[in-house]
Amino acid sequence: YDTAVLTACLALPEYRRVFSLNSDANGTAAVVVSLAASFLASLVSGFAADGIGRKKFFYLAAIFHIIGSVIQIADLQLSALLVGRVITGCTVGMLSMSVPLYQSEIAGPQNRGRIITLYQLGVTLGFCISSWIAYGTADLINNLSWRVPVAIQIVPGGILLLGLSLIPESPRWLIARDRYDEALRILAQIQNYRKRTVLGAGIHIFTQLTGANALLFYLPRILRSAGLAEVHAVLIGNGVAGSVNMLGTLPVFFYVRFMAACLFTVAGLMGGYSTMVSPRRIHLNPTSAVDGVNIDIHNPAATYGILVLLCVYIAAFALSWGPAGWIYPAEIYPQLIRANAMGVTTATSYLFTIIITLVTPILFETIRWGTYVLFASFCVIMALVIHKFFPETRGRSLEEVNLIFSGALVDEEAGAHHPETAAEALSKMQQIQVRDRRKRLAQGGRQMVWDDVRILSSSSDAAIAMEQDVEKR
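Residues numbered from 1 in each chain as written. Predicted model: local features only at pLDDT ≥ 70, side-chain atom pairs only at ≥ 80, totals over all residues. Heavy atoms only, no water.

1. With respect to the overall build of the protein chain
Note the following rule: Helix numbers and strand numbers start at the N terminus; a helix is a DSSP run of H or I with at least 4 residues, a strand a run of E with at least 2. For every residue, the accessible area obtained with a 1.4 Å probe (protein chains only) is divided by the maximum for its type, and the residue is called buried under 20%, exposed over 50%, and partly exposed between those limits. Here the open area of atoms and residues is found with the Shrake-Rupley method and a 1.4 Å probe, where only the protein chains shown may cover a residue.
In terms of regular secondary structure, the protein chain is built from 23 helices and 0 strands. Counting across all 473 residues of the protein chain, residues that qualify as buried make up 51%. If you sum the accessible surface of the protein chain, you get close to 20,600 Å²; carbon and sulfur atoms cover 66% of it.

Following this line, the structure appears as structure tokens:
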């Protein structure tokens, strides 16, 4: 919602006048400072989430979001707008890293893809809602046309702040903090950390190279260039695009379990830009000043044709790269480094969002319609790279994904029993039982000492039996 509401408000003359955003420099600054804040926040969020816990980190992000939103409506100066955008941008970066992280840690392997897709659905839902709210409030007076949609973004922050009391802390984070021996053993098993970091960051880089965010950031200007000269028409087009983006995410809940992640990613890549390669005569130029966009198309049929193609492209992205870009990085890291690694990969996403946002206008000015061809070429290259270098994670627990990267997966079939994963889980449960018994022992009862000895003995026997099972396989 935070990102989309700025996009919608920039189409309102009153908003641009109040905050002196009629110049390209100020308008770009309002967008870029938020993205830069998201980049920096996501980069350090992993350390904070590991230090204070996932739940406390969510509380911190919710409070920041409310404060930033209030600042944006409390003053009519450009400086206040930029400060508010920086604070809410930090919130977006914090939640972009921590929400998929938390989802991956509490979800089972059979539902993890669907649950993480909820994050992307929330992103597209916020974009859709903010677009239509901006359209509905466009005719209000006394600065209410932009203050209402900006103020409404306090609502999701407030819901998050109140709703956090209903969710538990991440159990994997709790185990990681209290069980140092297991953490050291996992650290010793890490052999492909660099590879995983490259793959996780690469997914986010590829997502930006599809050109989706470039199109969405400049969508109001592209719609004007396509022949929608009226502000209301632009806002309607923006709302329709947001609706398509949200609705296109819904089918992922149903096919993410049955289709290989790599395959539907490739399908999205190949399908998205096959509709976007435009000939020179219908080139869309979003780089002109907001009040002076060059209208290159005057044929209503061509305008509607472009709108249809834009919707097809957005739907293809929402069906593929939108959710996949968040699902895959949340799955491939072991518990010890998952938070910090996701901080790096999420920061990479915002870094390349900034780069694409700044470079796209230059591309449209220089190579014009070739910009679409360039993004389409990136898609073809990315499809080949995904197919060759990215392991499949569908249907695997996070521990089994760790075995995939270490080359120790016993059975390649989804749902197969893996003794190493089971032994690790059994060892942790036994040690938790020992800890609880020792706490009770401190309160009295020598008989519990012998119970601890029997537990440790049975745990050792179970581990030995499972190791023998591994050797037999």
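The rest of the description comes next.
2. As for the pattern of salt bridges
Between side chains of opposite charge, a pair can form when the charged atoms approach closely. Formally: The term salt bridge refers to a side-chain nitrogen of Lys or Arg lying within 4 Å of a carboxyl oxygen of Asp or Glu.
The tally for this structure, following the rule as stated, stands at 3 salt bridges. Where Arg85 meets Asp2, a salt bridge forms, and the shortest distance between an N and an O atom there is 3.1 Å. Placement of the pair is Arg85 in helix α5 (residues 78-106) and Asp2 in helix α1 (residues 2-9), with a sequence separation of 83 residues. This pair shows no difference in class: Arg85 is buried, exactly as Asp2 is. Across the pair Arg112 and Glu331 runs a salt bridge, and its minimum N-O distance is 3.0 Å. Placement of Arg112 in helix α6 (residues 112-136) and of Glu331 in helix α18 (residues 321-331) is noted, with a sequence separation of 219 residues between them. In this pair, the class of Arg112 matches that of Glu331, namely buried.

3. Considering the environment of Asp75
This is how it is decided: Contact criterion: two residues are considered in contact whenever any of their non-hydrogen atoms come within 4.5 Å of each other.
Position of Asp75 among the secondary structure elements: in the loop between α4 (54-74) and α5. Between the C-alpha atoms of Asp75 and Phe19, which are 56 residues apart in sequence, the distance is 9.8 Å. Contacts of Asp75, omitting those with residues within four sequence positions, involve Phe19 and Ala80.

4. As for the packing of α6 against α18
Put simply, the test is: Where helices are involved, their axes are fitted lines through C-alpha atoms of the stretch in contact, as for all axes, and angles between N-to-C directions lie from 0 to 180°. Working definition: roughly parallel below 35 degrees, roughly antiparallel above 145 degrees, roughly perpendicular at 65 to 115 degrees, and oblique for all remaining angles. Each crossing is labelled by how the near helix is turned from the far one, with a counterclockwise turn of less than a right angle marking it left-handed and a clockwise turn marking it right-handed. Amino acids are sorted into nonpolar (Ala, Val, Leu, Ile, Met, Phe, Trp, Tyr, Cys and Pro), charged (Asp, Glu, Lys and Arg) and polar (every other residue, Gly among them).
The N-to-C vectors of α6 and α18 enclose an angle of 125°; their axes lie 8 Å apart at closest approach. Taken together, the axes of α6 and α18 are oblique relative to one another. Crossing of α6 against α18: the hand is right-handed. Residues Arg112, Gly113, Ile116, Thr117, Tyr119 and Gln120 of α6 form the contact with α18, whose own contacting residues are Gly322, Pro323, Trp326, Ile327, Ala330 and Glu331. Taken together, the residues that form the contact of α6 with α18 break down as 6 nonpolar, 4 polar and 2 charged.

5. Description of the packing of α4 against helix α7 (residues 144-152)
Close contact between α4 and α7 brings their axes to 9 Å; oriented N to C, the two are set at 170°. One way to sum up the angle between α4 and α7 is to call them roughly antiparallel. Packed against α4, whose contacting residues are Ser69, Gln72, Ile73 and Ala74, the element α7 presents Trp146, Arg147, Val150 and Ala151 at the interface. Looking at the contact of α4 with α7, its residues break down into 5 nonpolar, 2 polar and 1 charged.

6. Quick word on the nonpolar core
Which entries qualify depends on this criterion: Grouping buried Ala, Val, Leu, Ile, Met, Phe, Trp, Tyr and Cys residues that are joined through side-chain atoms within 4.5 Å yields what is termed a nonpolar core.
The biggest cluster of nonpolar side chains holds 83 residues, and the ones touching the most others in it are Tyr15, Trp146, Leu215 and Leu310. With 8 residues, the single largest contributor to this core is helix α19 (residues 335-366). Residues contacting Trp146, with those up to four places away along its chain left out, are Cys9, Leu12, Glu14, Tyr15, Val18, Phe19, Gln72, Ile73 and Leu76.

7. Quick notes on unusual backbone geometry
Most peptide bonds take the trans configuration, and most residues that are not glycine carry a negative phi. Look at Ser20: it is not a glycine, yet its phi comes out positive at around 55°. Its place among the elements puts Ser20 in the loop between α2 (13-18) and α3 (24-52). The class of Ser20 is partly exposed, set by a relative accessible area of 43%. With a phi close to 55°, Asn142 is a non-glycine residue in the positive phi region. Inspection of the secondary structure assignment puts Asn142 in the loop between α6 and α7.

Nothing here speaks to function; it is geometry throughout.
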